[in-house]
Amino acid sequence: MSEQDISSGQVAQDENQIMAERRQKLAEIRKHGIAFPNDFRRSHMAADLHARYGETDKEALEAEKVEVVVAGRMMLKRVMGKASFATVRDGSARIQFYISRDNIGDEVYAAFKTWDLGDILGARGILMKTRTGELSIEVTELRLLSKSIRPLPDKFHGLADQEQKYRQRYADLIMSDASRDTFIKRSKIVQSVRDTMVAEGYLEVETPMMHPIPGGAAAKPFVTHHNALDMPLYLRIAPELYLKRLVVGGLERVFEINRNFRNEGMSTRHNPEFTMIEFYEAYCGYERMMEMTEKIIRACAEVACGSTLVTYNGKEVDLGKPFDRFTIVGAIKHYNPEYTDAQLGDATWVAGEIKRLGGKLPPAPGLGSLQLALFEECAEGKLWNPTFIIDYPVEVSPLARGSDADPAITERFELFIVGREHANGYSELNDPEDQAARFMSQVAQKDAGDDEAMHYDADYIRAMEYGLPPTGGCGIGIDRLVMLLTDAPSIRDVILFPHMRPE
């Protein structure tokens, strides 16, 4: 059985045997010259050729005699006597080669017959249409540029094992047009975010990835050690406190798109290393941040999906309408009308209801944090269309500005779409004495055993003492946004190399 039988669905040879045969072929190639040449230069991409000549009829194409030079990976191969066909994929699309012994000579044609699926080829030729109208290249020069030693996965099923797709993303991208399209969309989404921010007058900046004090979020950090300074450092859990230092310094609209690291559990929506945009604007509050969040997400939907009406898990999500808004208690009551105001105002009853639903009691004391925990158990998963949950309690919002109307709550929001959080923003706390007191409260919670409570950051307090103007800030999770706009069920589907347990 030849290895090419794989492409017609027959049973493949043992992979080790195939690799041994390919290594023998490579050894023969080495005997006769350079095995991996680097002097071939292509001038055309398959997608561009399809776009420009796909609708040109056979006769017109013959008359034009368009010469092209292309290169890519051989995905299919049909050997038929004196003439053969091969389908080659470059970084943009697939295109068919028509390979005739009369055009390329006996020696090269004989060599081609021994080449394998997965090999990378370079070709020069003339564009043509087959009898069935398929745009193809009549090859006049053909070269083997890179020998594939390991056989490709079954072309009909690709990588059937989902875990293998994550571990061997290179093979997944070779075989799966859908995976490739996901990551092309991801790049376009990130660029759309950047374009929106720049158009709004924001300056893109870079802040440290290693922090002497972890801050900006309630999360457990990764710890490392700097040998020269003999001090611990923390991979950043958020860039927030550094970005707000820049606002103090007079950079009044700043944003950063980069990684955060949180030493927490892994799931379909959590990866320990993830991408966010955080942005801050002086002389505004959380209303402006909600406006910017809607603008960013709508622009991304248009770029990735061509519409603000998208489909996730078989159900429509309307990103075009103004996003809904609820308070925490308002959302609980909307989705659980049996709850009464008296019950939701009773900390003991709320704690009991959380336990009844199988949830965990929050480490921070207070009615507000209990209501938030109940919301997470009974309402969060029901927020399908975009919904801002606003006015979070002070005890769970140590960096947000308190409400002038109600000292127990802050001017903070979180955005939920398809039942999961996508953004978190607020009017920034800019009172240094209030911030210092809240940091001390967080330290007390850490001393009591809360690993996610914040540290006291004396330098940030010093920066605030120079004067932080009224400021709004927000963070949007890029990975979850890409999940939404590519209809991906797991965060691992939208991260090129997600973290995995060792094999």
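Residues numbered from 1 in each chain as written. Predicted model: local features only at pLDDT ≥ 70, side-chain atom pairs only at ≥ 80, totals over all residues. Heavy atoms only, no water.

**Q** Tell me about the overall build of the protein chain, residues and numbers included.
**A** From N to C terminus, the protein chain includes 17 helices and 18 strands. The buried share of the protein chain, reckoned over its 503 residues, is 48%. Here the protein chain has roughly 24100 Å² of accessible surface; of this, 50% comes from carbon and sulfur atoms. Where the 61 positive side-chain charges of the protein chain centre and where its 77 negative ones centre are 7 Å apart. (Helix = DSSP H or I, 4+ residues; strand = E, 2+ residues; numbered from the N terminus. Buried < 20%, exposed > 50% of the residue type's maximum accessible area, 1.4 Å probe, protein only. Areas by Shrake-Rupley, 256 points an atom, 1.4 Å probe, with all protein chains shown as cover. Lys, Arg positive; Asp, Glu negative; His and termini not counted. Charge placed at Lys NZ, Arg CZ, Asp CG, Glu CD.)

**Q** Report on the confidence of the model for the protein chain, specifying residues and quantitative values.
**A** The predicted model of the protein chain has a mean per-residue pLDDT of 93, with 96% of residues at 70 or higher. Low pLDDT (under 50) marks residues 1–12, which in the prediction has 23 contacts with non-local residues, meaning those over four places away or in another chain. (pLDDT = per-residue confidence, 0-100. Contact = heavy atoms within 4.5 Å.)

**Q** Which residues make up the sheet that holds strand β7 (residues 210–211), and what are the values?
**A** Pairing in this open sheet of three strands is antiparallel, and the strands run β7-β9-β8 from one edge to the other. The strands lining the two open edges of the sheet, one partner per strand, are β7 and β8 (223–226). Both β8 and strand β9 (residues 231–235) contribute to a ladder of four bridges, which runs antiparallel. Residue T224 lies in a different strand from β9, and its bridge partner there is L233. (Pairing = 2+ DSSP bridges.)

**Q** Tell me about the packing of helix α9 (residues 240–248) against helix α16 (residues 458–465), and please be specific about residues and values.
**A** In contact at an axis separation of 9 Å, α9 and α16 are set at 25 degrees when each is read in the N-to-C sense. Of the possible angle classes, the one that applies to α9 and α16 is roughly parallel. Crossing hand, α9 versus α16: left-handed. Of the residues in α16, those touching α9 at L241, K244, R245 and V248 are D459, Y460 and A463. Broken down by class, the residue content of the contact of α9 with α16 amounts to four nonpolar, no polar and three charged. (Axes fitted to C-alpha atoms, helices over the stretch in contact; angles between N-to-C directions. Parallel < 35°, antiparallel > 145°, perpendicular 65-115°, else oblique. Left-handed = near helix turned anticlockwise from the far one by under 90°. Nonpolar A, V, L, I, M, F, W, Y, C, P; charged D, E, K, R; others polar.)

**Q** Describe the UniProt feature "binding site: Mg(2+) 1" (unreviewed entry) in the protein chain, with residues and values.
**A** Under the feature "binding site: Mg(2+) 1" (unreviewed entry), the UniProt entry names E414 and E421. Along the chain, E414 turns up in strand β16 (residues 412–417). Apart from the residues lying within four places of it in its own chain, the contact partners of E414 are T387, F388, I389, Y392, E421, A423 and N424. In this view, E421 contacts E414, L415, F416 and R480; residues no more than four positions away in its chain are not counted. (UniProt positions renumbered as here; feature names shortened; annotations may be inferred.)

**Q** Can you explain the UniProt feature "binding site: Mg(2+) 2" (unreviewed entry) in the protein chain? Please cite residues and give values.
**A** UniProt feature "binding site: Mg(2+) 2" (unreviewed entry): in the numbering of this structure it lies at E421. Among the secondary structure elements, E421 is positioned in strand β17 (residues 420–427). Residue E421 is classed as partly exposed on the basis of its relative accessible area, which comes to 27%.

**Q** Can you lay out the packing of aromatic side chains for me, pointing to particular residues and giving the numbers?
**A** For the coordinates displayed, the defined rule picks out 12 aromatic pairs. A centroid spacing of 5.4 Å and a plane angle of 50 degrees characterise the contact between F85 and Y98, whose relative ring orientation is tilted. Here F85 is found in strand β2 (residues 83–89), whereas its partner Y98 is found in strand β3 (residues 94–100), with 13 residues between them in sequence. Its relative accessible area of 22% is what places Y98 among the partly exposed residues. When the ring of Y312 is compared with that of W384, the centres are 6.3 Å apart and the planes differ by 50 degrees; the resulting orientation is tilted. Taken together, the residues Y312 in strand β12 (residues 309–312) and W384 in the loop between α14 (367–378) and β15 (387–390) connect sequence positions 72 residues apart. You can call Y312 buried: its relative accessible area is 5%. Since its relative accessible area comes to 19%, W384 is described here as buried. Sitting over the ring of Y242, R245 keeps its end group 4.6 Å from the ring centre. (Phe/Tyr/Trp six-rings, centres within 6.5 Å; stacked < 30°, edge-to-face > 60°. Lys NZ or Arg CZ within 6 Å of the ring centre and 35° of its normal.)

**Q** Just give me the short version of the pattern of salt bridges, but keep the residues and values in it.
**A** Counted under the stated rule, the structure contains 38 salt bridges. D172 is the partner of K165 in a salt bridge, and the nearest nitrogen-oxygen pair spans 3.8 Å. Look at K165 and you get buried, because its relative accessible area is 18%. The salt bridge partner of K244 is E428, with a shortest N-O separation of 2.6 Å. With K244 in helix α9 and E428 in the loop between β17 and α15 (432–447), this residue pair connects regions lying 184 residues apart in the sequence. Pair check on accessibility: K244 and E428 agree, each one buried. (Salt bridge = Lys/Arg side-chain N within 4 Å of Asp/Glu carboxyl O.)

**Q** Describe the pairing of strand β18 (residues 471–477), with residues and values.
**A** The element β18 is largely enclosed, with a buried count of seven among its seven residues. Here β18 shows a buried face lined by T471, G473, G475 and G477 and a second buried face lined by G472, C474 and I476. As defined by bridge partners, strand β11 (residues 273–282) adjoins β18 across seven bridges and the pair is classed as antiparallel. By the bridge assignment for β18, M276 is matched with G477. Pairing geometry for β17 and β18, over five bridges, is antiparallel. Residue pairing in the sheet places Y426 in a bridge with G473 of β18.

**Q** Tell me about the environment of E134, and name the residues and values.
**A** Its location among the elements puts E134 in the loop between β4 (120–129) and β5 (135–146). Non-local contacts of E134, meaning those with residues more than four positions away in its chain, are made with Q96, M128 and K129.

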